[in-house]
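For reference, the chains in residue letters:
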Amino acid sequence: MASIEQVSGFFMPRVTLIGIGAHKEIPARIKALGAKKPLLVTDKGITACGITAQIEAQLKAAKLNYAIYDETVPNPTDVNVAKGVQVYKDNKCDSLITLGGGSSHDCGKGIGLVVSNGGAIHDYEGLDKSKKSLPPYLAVNTTAGTASEMTRFCIITDTSRKVKMAIVDWRVTPNTAIDDPLLMVGMPPSLTAATGMDALTHAVEAFVSTAATHMTDACAEKAIVLIAKYLRKAVGDGSNMEAREQMAHAQFLAGMAFNNASLGYVHAMAHQLGGFYDLPHGECNAILLPHVCQFNFIARMGRYGTIARLLDENTAGLTPREAALKGIEAIRTLSADVGIPSGLVELGKRYGKNVQAKDIDIMTKNAQRDACMLTNPRKANDAQIAAIYQSAL
Ligand SMILES: [Fe+2]
């Protein structure tokens, strides 16, 4: 008989609607979950581009009462969650709709945890700390993407410690996920690139994870193929609906992979850049990814060679080492093609942040405590993590 350590779980929403026009199902689907008055959690960017008004019109047409909390910030904070909980309670809401990329979903998951379980969001850092189910919860994705609309991951910044808390809890998985390319078509090229590279990072980290399974491999492999084929097109011509739709599928598949195989040092280290400097998640991942791959590849040489082939590179006649390095080079090329900055200092300048070598020590210590590092294929000591940060500057 298998011991429990050998049993793999597989977590995802009970219902997912994916494709052009899927957002029209929002009122019917939240009603089907028993909702009478959802809290719509979103952010000012989504509101400014008119998507919030579009969804509000749908809810009104369906005669569904709702309240809104739209103050979620990128890298959502414990303060966001606390304010959202207050809005939920003040308006006597009974359910959640989250609308946006990762930030709105993570904030909404945090709100759901606290309204159902009490206490503060900090109480749920770690694995499966909740005791009670969240309210009925539908997540509507507008990027491709973090895949937070379908995962059990909730990343919230602790503003006092300047650390991103990794909350991994099966109960925060949305009941229903909606991925509609029509809501993604307005993304500017830079956001399309950053979120697409985040999805690639999910697929690559899950594929080389120590917790990878046949099921997560299948999802990760297909995601990498689709991203190789469609990310450049989606960034180069945002109105290309085929590219938008295929990227929606790709990011969802990458989500299925990492939701179950978890991640690695790229995310563990990127979370620190997000928590410390408030830099955007997707671009931090994209910059760190080839550097972490360079560290990891000796532990998973065959898999990095497979990544090269999934990225449409020809590895015929190459040694396993050469094929693996070709995969890493293909990641660098894709990243450069879609306009990701070459290093963290340059990224910082774009956002008015001063990324400095003197901050590496504290980020290294916090990265080693991040839950995502547990499944990285090669263990790194502090000096090695610091060296990866240094090489990515
Ligand atoms: Fe991510």
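Residues numbered from 1 in each chain as written. Predicted model: local features only at pLDDT ≥ 70, side-chain atom pairs only at ≥ 80, totals over all residues. Heavy atoms only, no water.

Asker: I tried to follow the packing of aromatic side chains on my own but got confused; where do I start?
Answerer: Under the definition given, this model contains two aromatic pairs. On the numbers, 5.0 Å between centres and 80° between planes, the contact of Phe276 with Tyr277 is edge-to-face. Across from the ring centre of Phe207, 4.4 Å away, lies the NZ or CZ of Arg303, which sits over that ring. Seen from the ring of Phe295, Arg378 lies directly overhead, with NZ or CZ sitting 4.0 Å from the centre. (Phe/Tyr/Trp six-rings, centres within 6.5 Å; stacked < 30°, edge-to-face > 60°. Lys NZ or Arg CZ within 6 Å of the ring centre and 35° of its normal.)

Asker: I tried to follow the coordination of the iron ion on my own but got confused; where do I start?
Answerer: Put simply, the ideal angle at a metal is 109.5 degrees for four donors in tetrahedral geometry and 90 or 180 degrees for six donors in octahedral geometry. Donor atoms from the polypeptide that coordinate the iron ion comprise Asp198 (OD), His202 (NE2), His267 (NE2) and His281 (NE2), at 2.2 Å from the metal. Each of the four donor atoms around the iron ion contributes to a set of angles spanning 82 to 169°, which defines the coordination as irregular. Within one chain, the residues donating to the iron ion are spaced in sequence as D-x3-H-x64-H-x13-H. With Asp198 in helix α6 (residues 189-207) and His281 in helix α10 (residues 281-296), the pair connects residues that are 83 residues apart, well separated along the chain. One exposure class covers both Asp198 and His281, and it is buried. (Donors = N, O, S within 2.8 Å, 3.2 Å for Na, K, Ca; no water. Tetrahedral: all angles 85-135°; square planar, octahedral: opposite > 155°, others 65-115°. Helix = DSSP H or I, 4+ residues; strand = E, 2+ residues; numbered from the N terminus. Buried < 20%, exposed > 50% of the residue type's maximum accessible area, 1.4 Å probe, protein only.)

Asker: Please explain empty space enclosed by the protein as it appears in this structure.
Answerer: Where empty space is left can be seen by rolling a probe of water-molecule size over the atoms. Within the structure shown, the criterion is met by one cavity of 30 Å³ or more. Reported here for the largest cavity is a volume of approximately 40 Å³. Lining the largest cavity are Val204, Glu205, Val208, Gly264, Val266, Leu289, Val292, Cys293, Asn296, Tyr304, Asn376 and Pro377. Those elements that provide at least two residues to the lining of the largest cavity are α6 and α10. Residue contributions to the lining of the largest cavity peak at four residues, all from α10. For the lining of the largest cavity, the per-class residue count stands at eight nonpolar, three polar and one charged. (1 Å grid on protein atoms, 1.4 Å probe; cavity = no way out; pocket = protein on both sides within 12 Å on 5 of 7 lines; lining within 4 Å. Points joined across faces, edges and corners; volume = space filled by probe spheres on them. Nonpolar A, V, L, I, M, F, W, Y, C, P; charged D, E, K, R; others polar.)

Asker: Can you help me understand the domain arrangement of the protein chain in this one?
Answerer: Its domain assignment divides the protein chain into domain 1 (4-183) and domain 2 (189-392). With centres defined by C-alpha atoms, the gap from domain 1 to domain 2 works out at 25 Å. Facing 31 residues of domain 1, the contacting portion of domain 2 comprises 36 residues. Summed over both sides, the interface between domain 1 and domain 2 buries roughly 2700 Å², with carbon and sulfur atoms accounting for 63% of that surface. The three residues of domain 1 that bury the most area against domain 2 are Phe10, Ala144 and Lys164, which together make up 22% of that side's buried surface. Viewed at the interface, domain 2 and domain 1 are joined by zero salt bridges. Taken together, the links from domain 1 to domain 2 amount to 11 residue pairs in polar contact (both at pLDDT 80 or more). Listing elements by their share of the side of domain 1 that touches domain 2, those giving two or more residues are β1 (15-18), β7 (153-158), β8 (163-168) and β9 (176-179). Counting residues per element, the side of domain 1 that touches domain 2 draws most heavily on β8, which supplies three residues. Looking at the side of domain 1 that touches domain 2, its residues break down into 16 nonpolar, 10 polar and five charged. (Domains from an automatic or database assignment. Contact = heavy atoms within 4.5 Å. Buried area = accessible area lost by both parts, 1.4 Å probe. Salt bridge = Lys/Arg side-chain N within 4 Å of Asp/Glu carboxyl O. Polar contact = N/O pair within 3.5 Å; in protein donor to acceptor, adjacent residues only side chain to side chain.)

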